[in-house]
Amino acid sequence: MRKHLLFIIGISFLSTSCILFRPASSSTLVDTEKYSDDPSVSELVSIAKSLEGTPYKFGGTNTRGFDCSGFTSYVFDKNNSSLPRTSGEQEQYAESVSIKDLQAGDLVFFRSNKVGRVFHVALVVDNDKNGLTVIHATSSRGVVEENISRSSYWTKKYWTGGRVYNK
């Protein structure tokens, strides 16, 4: 956890360097070095996968039932990381990452349109040539893993990405 904090502090001092950061139009993107090899990120995804099949429950924050942000905050908590409770707060808490640079352990946020408010959050499992695979608590299916790049529902939504280091 301290390693990640020191890394973030070090990066902030290097923010004038174009080597570690990609340009962003509206917000600063975090560096895109692969952090999904970090054991804590692997554990985070493992915790999330162990909860597949848990039913959906509006406002749910435990294994009796989750809503989307209750699921992500629970998973991060079980991995000794804190995360705010709602999807909107989680987006504000996370460092902005472009969708193409999302990695396992990152979060993806959904809006009905570009200016709408966040209504859903999912945890990234993989982002490769086959698309973006996430695990999330859906109101219709509970906690499921799916490739949202192939979903007729999710592809119509506006996505933003976020990275949450062990804060």
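Above this text sits the structure in question.
These remarks concern the structure in this document. (Residues numbered from 1 in each chain as written. Predicted model: local features only at pLDDT ≥ 70, side-chain atom pairs only at ≥ 80, totals over all residues. Heavy atoms only, no water.)

### Describing helix H3 (residues 68-78)
Helical geometry note: an α-helix holds 3.6 residues per turn, so side chains three or four residues apart project in the same direction. Stated formally: For every residue, the accessible area obtained with a 1.4 Å probe (protein chains only) is divided by the maximum for its type, and the residue is called buried under 20%, exposed over 50%, and partly exposed between those limits. Put simply, DSSP marks the helices as runs of H or I at least four residues long and the strands as runs of E at least two long, and each gets a number from the N terminus on.
For H3, the tally of buried residues reaches 9 of 11 residues, placing the bulk of the element in the interior. Along H3, the residues classified as buried are Cys 68, Ser 69, Gly 70, Phe 71, Thr 72, Ser 73, Tyr 74, Val 75 and Phe 76. Phi for Asn 80, located one or two positions after H3, is positive at around 60 degrees.

### A word on the sheet that holds strand E8 (residues 158-163)
Consider a sheet: its strands pair through backbone hydrogen bonds, and that pairing is either parallel or antiparallel. Let me state the cut-off plainly: Between any two strands, pairing holds if DSSP finds at least two bridges. Each axis is a line fitted through C-alpha atoms, and for a helix only the stretch in contact is used; angles between axes span 0 to 180 degrees, taken between their N-to-C directions. Any two residues whose heavy atoms approach within 4.5 Å at even a single point are treated as in contact.
On the basis of which strands lie adjacent, the open sheet formed by 6 strands has the order E3-E8-E4-E5-E6-E7 and antiparallel pairing. The two strands at the open ends of the sheet, each matched to only one other strand, are strand E3 (95-97) and strand E7 (142-147). Strand-to-strand twist across the sheet, computed as the mean angle between neighbouring axes with direction ignored, equals 35 degrees. As paired elements, strand E5 (residues 120-128) and strand E6 (residues 131-138) share 5 bridges and run antiparallel to each other. Directly across from Leu 123, in E6, lies its bridge partner Ile 135. Seen against the sheet, helix H2 (residues 39-50) touches E5, E6 and E7 and runs at an angle of roughly 120 degrees to E5.

### Observations concerning the pattern of salt bridges
When their charged atoms lie close together, side chains carrying opposite charge are able to pair. Put simply, the rule is: Any carboxyl oxygen of Asp or Glu that lies within 4 Å of a side-chain nitrogen of Lys or Arg is treated as forming a salt bridge with it.
With the rule as written, the count across this model stands at 6 salt bridges. Among the ionic pairs, Asp 101 bridges to Lys 100, the shortest N-O distance being 3.5 Å. The salt bridge involving Glu 146 is made with Arg 141; its shortest N-O contact spans 2.8 Å. For Glu 146, a relative accessible area of 15% translates into the label buried. According to the relative accessible area criterion, Arg 141 is partly exposed, its value standing at 44%.

### Looking at unusual backbone geometry
The backbone of Asn 80 shows a phi angle near 60 degrees, a positive value even though the residue is not glycine. Looking at where Asn 80 falls in the secondary structure, it is placed in the loop between H3 and helix H4 (87-93).

### Focus on the pairing of E7
Counting buried residues in E7 gives 5 out of 6 residues, a clear majority hidden from the surface. Adjacent in sequence and paired antiparallel, E6 and E7 are bridged by 3 residues.

### Observations concerning the nonpolar core
Just so we agree on the cut-off: Definition of nonpolar core: a set of buried residues of the types Ala, Val, Leu, Ile, Met, Phe, Trp, Tyr and Cys, connected through side-chain atoms within 4.5 Å.
Membership of the largest hydrophobic core comes to 25 residues, with the highest contact counts inside it found for Phe 71, Val 75, Leu 107 and Leu 123. Mapped by element, the contributors of at least two residues to this core are H2, H3, strand E4 (107-111), E5 and E6.

### What about the pairing of E6?
Buried residues dominate E6, accounting for 8 of its 8 residues. The antiparallel pairing of E5 with E6 creates a hairpin that spans 2 residues between the two strands. Across 6 bridges, E6 lies against E7 in antiparallel orientation. Looking at the pairing, Thr 138 lines up with Gly 142 of E7.

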